[in-house]
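# Coordinate analysis (summary)
The primary structure of each chain is shown beneath.
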Amino acid sequence: MRTADFDFDLPERLIAQAPARPRDAARLLQVGRDGLADRIIGDLPGLLRPGDILVVNDTRVIPARLRGRRGDASVEIMLNRAEGGGLWEALVRNARRLRPGDTVAIEGAPGLAPRVVERREGGMALLDFGPDQAALAAALEAAGEVPLPPYIARPEGPLPEDREDYQTIFAARPGAVAAPTASLHFTPALLGAIAARGVGQAVVTLHVGAGTFLPMRADDPREHKLHPEWGEVTGEAASAVNAARAAGGRVVAIGTTALRLLETAVGEDGVVRPFRGLTDIYLLPGHRFRGADLLLTNFHLPRSTLFMLVSAFAGVGRMRAAYAHAIANGYRFYSYGDGSLLEREDAP
């Protein structure tokens, strides 16, 4: 298995720069054992069965990108993961300019001056913002930027509407630096139609970290490492998923973040158990999926861990064919793009 095996040519014009309006008007490519079908997100209720259950991620994106200075040096800070007591792991551009004990003056937030506790591998650093979390939250709202992915072109910075557009309808628990983008398609009307169909819903949390933006550099994807991300599957969510499956329903992961968390929490017996902590699970072809039967997800970057994940879930050959179809038919890619509904390759 080589990283180059997951490469493909994508015309730049297919990289979505804004979401569909309304959100559930986005296109949806259904990918199953019977082939491919062109639909829209609004068709989703009819593609589900009574007794199925959606698993959604309720993480909320924070304005995690900060710009600052240490002396004459400019630095850019992308908050990654809270470690308690005001400590945050962060991805820092120009991290080599920082030393333990340094403080960074944050532009636009005069009272915010995090102290460097330690430097870590991969451009990461541990920063101490102090124990006042309310003050930090206020400073982020004042000075932080929505951490849009680099392929969404915003030369002058994020647009005002990005704060709402890049937040999902399920967003409740602050902590992510990237949205679980499959959930961006949902509207109140769509959720109402899904509930009326007799489909249940379980809520989990995975705070997406800054590592989601890091490129794959290794020729062998098995040499790549994912940064740990904090997640939680409550007892209530685990029980709801297990009950739905025991009754014959299918588990539908809404996004790769929900799927990764389910695969972290599921046992070899197929039972999902409560989980709370860090996960760095990395899903490559050859993985045996136990946590979900269907996956709703957007179209991902070539040579990315997420394209490898969907290839593992639905089959490498099937996903190559699906992406070739999507490109030929003008589907929109990435965070603000269209969606795909994938059937697990070995689903019963």
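Quick summary incoming for the structure in this document. Worth saying up front: this structure is predicted, and the values here are computed from it rather than measured. (Residues numbered from 1 in each chain as written. Predicted model: local features only at pLDDT ≥ 70, side-chain atom pairs only at ≥ 80, totals over all residues. Heavy atoms only, no water.)

In this section: the sheet that holds strand 10 (residues 124–128). With antiparallel pairing, the 6 strands of this open sheet are ordered in space as 8-5-6-7-10-9. The open sheet is flanked by strand 8 (105–106) and strand 9 (115–119), the only strands paired with a single partner. In the sheet, strand 7 (residues 87–93) pairs with strand 10 via 5 bridges, with the strands oriented antiparallel. Looking at strand 10, one finds that Ala90 is bridged to Ala125. Strands in contact with helix 2 (residues 133–143) are strand 5 (65–70), strand 6 (73–84), strand 7 and strand 8; relative to strand 5, the strand with the most contacts, it is inclined by about 95°. (Pairing = 2+ DSSP bridges. Helix = DSSP H or I, 4+ residues; strand = E, 2+ residues; numbered from the N terminus. Contact = heavy atoms within 4.5 Å. Axes fitted to C-alpha atoms, helices over the stretch in contact; angles between N-to-C directions.)

In total, this model carries 25 salt bridges according to the counting rule given. Glu343 is the partner of Arg33 in a salt bridge, and the nearest nitrogen-oxygen pair spans 3.7 Å. Taken together, the residues span a long stretch of sequence, with Arg33 in the loop between strand 1 (27–32) and strand 2 (35–40) and Glu343 in strand 17 (residues 339–343) at a distance of 310 residues. Among the ionic pairs, Asp293 bridges to Arg245, the shortest N-O distance being 3.1 Å. Placement of Asp293 in the loop between strand 15 (275–279) and strand 16 (294–298) and of Arg245 in helix 5 (residues 235–246) is noted, with a sequence separation of 48 residues between them. Owing to a relative accessible area of 23%, Arg245 belongs among the partly exposed residues under this scheme. (Salt bridge = Lys/Arg side-chain N within 4 Å of Asp/Glu carboxyl O. Buried < 20%, exposed > 50% of the residue type's maximum accessible area, 1.4 Å probe, protein only.)

Bringing the sheet that holds strand 1 into the picture now. Ordered in space as 2-1-17-16-14-3-12-13-15, the 9 strands form an open sheet in which the pairing is mixed. Strands with a single pairing partner mark the edges of an open sheet, and in this sheet they are strand 2 and strand 15. Each neighbouring strand pair of the sheet contributes to a mean axis angle of 20°, computed without reference to strand direction. Relative to strand 17, strand 16 runs antiparallel, the two sharing 5 bridges. Its bridge partner being in strand 17, Asn298 is matched across the sheet by Gly339.

Below, the discussion takes up the environment of Tyr334. For Tyr334, the position within the fold is in the loop between helix 8 (316–328) and strand 17. Looking at Tyr334, the relative accessible area reads 7%, which means it is buried. Remark: the alpha-carbon pair of Tyr334 and Ile40, spanning 294 residues in sequence, is separated by 16 Å. The residues touching Tyr334, leaving out its near neighbours within four places in the chain, are Leu10, Ile15, Tyr151, Asn298, Phe299, His300, Leu301 and Pro302.

Moving on to the packing of aromatic side chains. Tallied over the full model, the rule gives 14 aromatic pairs. Ring geometry for Phe289 versus Phe313: centroids 5.1 Å apart, planes at 80°, classification edge-to-face. You can see Phe289 sitting in the loop between strand 15 and strand 16 and its partner Phe313 sitting in helix 7 (residues 305–314), a full 24 residues away along the chain. Each member of the pair, Phe289 together with Phe313, is buried. Seen from their ring centres, Phe307 and Tyr323 are 4.6 Å apart, and the 50° between their planes marks the pair as tilted. One end of the pair, Phe307, is in helix 7; the other, Tyr323, is in helix 8, with 16 residues separating them in the sequence. With respect to burial, Phe307 and Tyr323 carry one shared label: buried. (Phe/Tyr/Trp six-rings, centres within 6.5 Å; stacked < 30°, edge-to-face > 60°.)

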